[in-house]
Amino acid sequence: MTDRARARRTIVVLPLVCGLLLAGSACGGDKKEKKSAGEASPTSSIEKQKFAKTRFVANAGLASGAAYQWIIKPYRNGAFKKGADGRTGALVKAGLAGVFTYNRLKAATRNAQGDPTLSKALAPVSAGIDSLKGLGTKLRKGDATDGDVNSVDSVINKVKDAGKSAGAPVTDKVPSASELQKG
């Protein structure tokens, strides 16, 4: 092998070996480092407050869209009545939508805590959101009543009104069926 070939090989291989060594040491081992209290993290309270309204609008919009698309509208159209065509499928979708709606409303409540105006506006609605906890099960079993569906509609409208009064208007965003399954 000539000197020139060795030099070329060294020039190619040396950076690769160094890169692998650096990458291996950067991965670390089992040691866990603790961040100091003063360091900012990607989800620091400042950033949570910065995007609180945006996150609230997104979560409340998904909850509202799911509730109207798969609970309120089918119920008003009689899809949950005994003997109705497609009743079982409508009940399953409504059950998933009930769980999804509750989950997104709870997330919206957590988001609202990052904005003082929004948290004050949403505070009276929190009890109504908590009352929806068993809704998914009731819908899936076919035990939902007019009162249950009307309470969903009422809570959704109160959340929308709270958002609007705090400068975060909520518009319906209908999630896909796969998003419902993921929760």
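Refer to the preceding data block for the structure.
Residues numbered from 1 in each chain as written. Predicted model: local features only at pLDDT ≥ 70, side-chain atom pairs only at ≥ 80, totals over all residues. Heavy atoms only, no water.

Novice: Would you explain the overall build of the protein chain in this entry?
Specialist: When you go through the protein chain residue by residue, the secondary structure sums to 9 helices and 0 strands. Put simply, the protein chain has 183 residues, and 33% of those count as buried. Of all intrachain contacts in the protein chain linking residues separated by at least 6 positions in sequence, the fraction that spans at least 24 positions is 78%. Total accessible area on the protein chain is roughly 11,700 Å²; 56% of this is exposed by carbon and sulfur atoms. (Helix = DSSP H or I, 4+ residues; strand = E, 2+ residues; numbered from the N terminus. Buried < 20%, exposed > 50% of the residue type's maximum accessible area, 1.4 Å probe, protein only. Contact = heavy atoms within 4.5 Å. Areas by Shrake-Rupley, 256 points an atom, 1.4 Å probe, with all protein chains shown as cover.)

Novice: Looking at this structure, I do not really get the packing of helix α3 (residues 52-76) against helix α8 (residues 146-165). What am I missing?
Specialist: Between two packed helices, both the angle of their axes relative to each other and the distance between the axes serve to describe the pair. Direction vectors running N to C along α3 and α8 enclose 150°, while the axes themselves pass 10 Å from each other. The orientation of α3 with respect to α8, classified from their angle, is roughly antiparallel. With respect to the hand of their crossing, α3 and α8 are arranged in left-handed fashion. Between α3, through Phe56, Ala60, Ala63, Ser64, Ala67, Tyr68, Ile71, Ile72, Tyr75 and Arg76, and α8, the contact on the second element is made entirely by Asp146, Val149, Val152, Asp153, Ile156, Asn157, Val159, Lys160 and Gly163. When the residues that make up the contact of α3 with α8 are grouped by side-chain class, the tally is 12 nonpolar, 3 polar and 4 charged. (Axes fitted to C-alpha atoms, helices over the stretch in contact; angles between N-to-C directions. Parallel < 35°, antiparallel > 145°, perpendicular 65-115°, else oblique. Left-handed = near helix turned anticlockwise from the far one by under 90°. Nonpolar A, V, L, I, M, F, W, Y, C, P; charged D, E, K, R; others polar.)

Novice: Got a minute to help me understand the nonpolar core in this structure?
Specialist: A general feature of soluble globular proteins is that nonpolar side chains tend to end up buried together. Formed by 39 residues in total, the largest nonpolar core has its most connected members in Phe56, Ile71, Leu105 and Val159. When contributions to this core are tallied by element, the ones reaching two or more residues are α3, α4 (87-112), α5 (116-122), α7 (135-141) and α8. It is α3 that provides the largest number of residues to this core, a total of 10 residues. Filtering out sequence-adjacent residues up to four positions away, Leu105 remains in contact with Ala63, Ile129, Leu132, Val155, Ile156 and Val159. (Core = buried A, V, L, I, M, F, W, Y, C linked by side-chain atoms within 4.5 Å.)

Novice: Please explain the packing of aromatic side chains as it appears in this structure.
Specialist: The way to describe two aromatic rings as a pair is by their centre distance and the angle between their planes. By the definition in use, this model includes 1 aromatic pair. Summarising the aromatic geometry, the rings of Tyr75 and Phe80 are spaced 5.8 Å apart at their centres and angled 50° between planes, so their arrangement reads as tilted. Note on Phe80: relative accessible area 9%, which makes it buried. (Phe/Tyr/Trp six-rings, centres within 6.5 Å; stacked < 30°, edge-to-face > 60°.)

Novice: It is not clear to me how α8 should be interpreted in this structure. Could you clarify?
Specialist: Two residues of an α-helix separated by three or four positions point the same way, owing to the 3.6 residues in each turn. In this model, α8 (20 residues) spans 28 Å end to end at C-alpha, consistent with the 28 Å of a helix rising 1.5 Å per residue. Among the residues of α8, those classed as buried are Asp148, Val149, Val152, Asp153, Val155, Ile156, Val159, Ala162 and Gly163. Buried residues along α8 sit in contact with α3, α4, α5, α6 (126-130) and α7. Gly167, located one to two residues past α8, shows a positive phi value of around 85°. (Expected span 1.5 Å × (residues − 1).)

Novice: Just checking my understanding: could you explain the side chain of Ser64 for this structure?
Specialist: As for its placement among the helices and strands, Ser64 is situated in helix α3. Polar side-chain contacts of Ser64 include one of 2.3 Å to the side chain of Asp172. Once you skip the residues sitting within four places of it in the chain, Ser64 turns out to touch Ile156, Lys160 and Asp172. (Polar contact = N/O pair within 3.5 Å; in protein donor to acceptor, adjacent residues only side chain to side chain.)

Novice: When you look at the environment of Pro116 in this model, what are you seeing that I'm missing?
Specialist: Tracing the sequence through the fold places Pro116 in helix α5. Counting along the chain gives 50 residues from Pro116 to Ala166, while the straight-line C-alpha distance between them is 9.2 Å.

Novice: Help me understand the pattern of salt bridges, please; the structure alone is not making it clear to me.
Specialist: Should their charged atoms come close, side chains of opposite charge can pair. Inspection of every chain in the model, using the stated rule, returns 4 salt bridges. Among the ionic pairs, Lys138 bridges to Asp148, the shortest N-O distance being 3.2 Å. Placement of the pair is Lys138 in helix α7 and Asp148 in helix α8, with a sequence separation of 10 residues. Assessed through its relative accessible area of 37%, Lys138 is described here as partly exposed. Given the relative accessible area of 15%, Asp148 is considered buried. Residue Asp172 is joined to Lys160 by a salt bridge in which the shortest nitrogen-to-oxygen separation is 2.8 Å. In this pair, Asp172 is assigned in the loop between α8 and α9 (177-182) and Lys160 in helix α8, connecting sequence segments 12 residues apart. Look at Asp172 and you get partly exposed, because its relative accessible area is 39%. (Salt bridge = Lys/Arg side-chain N within 4 Å of Asp/Glu carboxyl O.)

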